[in-house]
Amino acid sequence: MLLRVLFWLVALAPLAWWLDHEQSAGRFQRVDELFLDFLVANSREKLTTPDPAAKKDDVLLIRLDPAERDEFAGWPAQPIDWQMILKGIREAESAVVVIPEPLNWGKPSPEFIPALAESMVPLEGLVLGVEAQLAENFTGPAFTGGLDEVLPRFVKAAGDLHLAPTFSAFVTAPDEQLRRHGELGLLVEKSLPYALREGDTLMPGVLAQALARHTHTPYATHRLLLGPGAGAYLQNGLFVPLQNNGEAAFDAKTDVHSINALDFLSGGLADALSQENKARIKSARIIVIGTDDKSQPGAARAHAQALASILSLPRLRVLDRFEQIILWSLAALAGLWIVLRTPRQKAPMRGFLFIFLTIVAGFLAFQTTLLWFPPTMPVALLSASAIIGSIVGRRHVA
């Protein structure tokens, strides 16, 4: 028995070290991602049901009402109006500010553009919309005016990528003096694409840019899946359910707190805003600003509602390092039992049984609590133990 234990240790210890090193380096990441995709695909309903405990005021909409256009310096709202609005939200701590509609007033640029650009500097995260035109029977490269060089690409995209909406040109972009102060995201009329396709590349929409900034997810790890089970995986366990083509679905009845933009133009923040609205600005995690016609809600309200819906969804949780070590230890002990107590001819079947039970346990844990673990290490330890058991395991006694 002692010799079998020593043989098992000598074989398994370097294997476990190598697997841990390779997993830390991301060598088995694709296997873990496929396992997670399987779990998510079988828990879709749970992942699209809002968490009752989620905060309801994470997203704030600042609305510019066309019915009150005479109260602004001009219409569409002029740079000086936007400057005062952005100054009014300086109390927002670490909030991502999203302006879906392109801030562009044509050529020549109107006054106060430099002042508006200066008011953007203190904002920690700013996402500016670039209007794109969807392709209809269009072939050839899209016209981007050079902006494709500053837009990020989805590095980790899987599934049927050709389902993503294709654009043929950028129609309107923010004024050139404003672009350097924010991250650009694409938008189109009457839909909320998470990504748009140009050739073989996918560029993020305003929604994706806002969530990437909010969760501090770099596009090297921002994973997008199209087709069946479509969705996006971001840091902090955020999963964004999407339609097959990558468009975000949202409930137009989603309640979002809003503040009238005129409150920022009426003599200063201290005089115009109620204490309740000041508190909402300070606690908001995402602030969406834009034109909002009550009779015909536009891009600003649609993005605010979609973001509020997404942030209210339950989060995925992966076992931390210590918890995974406990799981690996249990797998190793099960493997040791196979080597010591199982007849050699039955070791492979016992190993398969333990692997099956491990996967089932992971499936049930995810179904009930959205908790998951990378399966590579425990499955490898059990497989190796089954092979060792079939070689040096207990002899069958008739």
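Presented here is a report on the structure given in the accompanying data block. (Residues numbered from 1 in each chain as written. Predicted model: local features only at pLDDT ≥ 70, side-chain atom pairs only at ≥ 80, totals over all residues. Heavy atoms only, no water.)

### Considering the overall build of the protein
Piece 1. For the protein, the count of helices and strands is 13 helices and 15 strands.
Piece 2. Summarising its shape, the C-alpha atoms of the protein cover approximately 95 × 50 × 35 Å along the three principal directions.
Piece 3. Per-residue burial for the protein yields a buried fraction of 50% across its 398 residues.
Piece 4. Of all intrachain contacts in the protein linking residues separated by at least 6 positions in sequence, the fraction that spans at least 24 positions is 77%.
Piece 5. Carbon together with sulfur atoms contributes 58% to the accessible area of the protein, which is approximately 19,400 Å² in total. (Helix = DSSP H or I, 4+ residues; strand = E, 2+ residues; numbered from the N terminus. Buried < 20%, exposed > 50% of the residue type's maximum accessible area, 1.4 Å probe, protein only. Contact = heavy atoms within 4.5 Å. Areas by Shrake-Rupley, 256 points an atom, 1.4 Å probe, with all protein chains shown as cover.)

### Section: the packing of aromatic side chains
Piece 1. If you walk through the whole model with that rule in mind, you get 8 aromatic pairs.
Piece 2. For the ring pair Phe154 and Tyr194, a centre distance of 6.1 Å and an interplane angle of 35 degrees mean the geometry is tilted. Here Phe154, found in the loop between β3 (125–134) and β4 (156–159), pairs with Tyr194, found in the loop between β6 (183–187) and β7 (195–198); they are 40 residues apart in sequence, far enough to count as distant.
Piece 3. Of the residues examined, Phe154 reaches a relative accessible area of 8% and is grouped as buried.
Piece 4. The class for Tyr194 is buried, based on a relative accessible area of 0%.
Piece 5. Ring centres of Phe167 and Phe170 lie 5.0 Å apart, and the angle between their planes is 15 degrees; on these two criteria the pair is classed as stacked. Each member of the pair, Phe167 as well as Phe170, carries the same accessibility label: buried.
Piece 6. By the ring-pair criterion, three or more aromatic residues cluster together here, those being Phe154, Tyr194 and Tyr219. (Phe/Tyr/Trp six-rings, centres within 6.5 Å; stacked < 30°, edge-to-face > 60°.)

### Details of a nonpolar patch on the surface
Piece 1. Taken together, the side chains of Met349, Phe352, Leu353, Phe356, Leu357, Val360 and Leu364 present a nonpolar region at the surface, about 690 Å² in accessible area.
Piece 2. As for its position among the elements, Leu364 is in helix α12 (residues 347–369).
Piece 3. For Leu364, a relative accessible area of 48% gives the class partly exposed. (Patch = residues over 30% accessible without salt bridge, like charges linked within 9 Å, V, L, I, M, F, W, Y side chains within 5 Å. Salt bridge = Lys/Arg side-chain N within 4 Å of Asp/Glu carboxyl O.)

### Observations regarding the side chain of Gln324
Piece 1. For Gln324, the location among the structural elements is in helix α11 (residues 321–341).
Piece 2. What makes Gln324 buried here is its relative accessible area of 11%.
Piece 3. From its side chain, Gln324 meets the backbone oxygen of Leu319 in a polar contact 2.9 Å long.
Piece 4. The residues touching Gln324, leaving out its near neighbours within four places in the chain, are Val318, Leu319 and Pro374. (Polar contact = N/O pair within 3.5 Å; in protein donor to acceptor, adjacent residues only side chain to side chain.)

### Some thoughts on the pairing of β3
Piece 1. Most of β3 is tucked away, with 7 of its 10 residues classed as buried.
Piece 2. Pairing analysis gives 4 bridges linking strand β2 (residues 96–99) to β3, with the strands arranged parallel. Counterpart to Val96 in the pairing with β3 is Gly125.
Piece 3. Traced from β2 through helix α5 (residues 113–120) to β3, the parallel crossover comes out right-handed.
Piece 4. Relative to β6, β3 runs parallel, the two being bridged by 5 bridges. Residue pairing for β6: Glu131 is matched across the bridge by Leu187. (Pairing = 2+ DSSP bridges. Right-handed = clockwise from strand over helix to strand, strands pointing away.)

### With respect to the packing of α11 against helix α13 (residues 376–392)
Piece 1. Contact geometry of α11 with α13 gives a least axis separation of 8 Å together with a crossing angle of 15 degrees. On the basis of their axis angle, the class for α11 and α13 is roughly parallel. Read as a crossing pair, α11 and α13 show a hand that is right-handed. The segment α11 lies against α13, with Leu327, Trp328, Ala331, Ala334, Gly335, Leu336, Ile338 and Val339 engaging Met377, Pro378, Leu381, Leu382, Ser385, Ala386, Ile388, Gly389 and Val392.
Piece 2. Per-class residue counts for the contact of α11 with α13 are 14 nonpolar, 3 polar and no charged. (Axes fitted to C-alpha atoms, helices over the stretch in contact; angles between N-to-C directions. Parallel < 35°, antiparallel > 145°, perpendicular 65-115°, else oblique. Left-handed = near helix turned anticlockwise from the far one by under 90°. Nonpolar A, V, L, I, M, F, W, Y, C, P; charged D, E, K, R; others polar.)

### Observations concerning the packing of helix α7 (residues 206–215) against helix α10 (residues 299–311)
Piece 1. Where α7 meets α10, the axes come as close as 11 Å, and the angle between the chain directions of the two elements is 45 degrees. Accordingly, the angle class assigned to the pair α7 and α10 is oblique. Between α7 and α10 lies a crossing whose hand is right-handed. Contact residues: Val206, Leu207, Ala210, Leu211 and His214 in α7; His303, Ala306, Leu307, Ile310 and Leu311 in α10.

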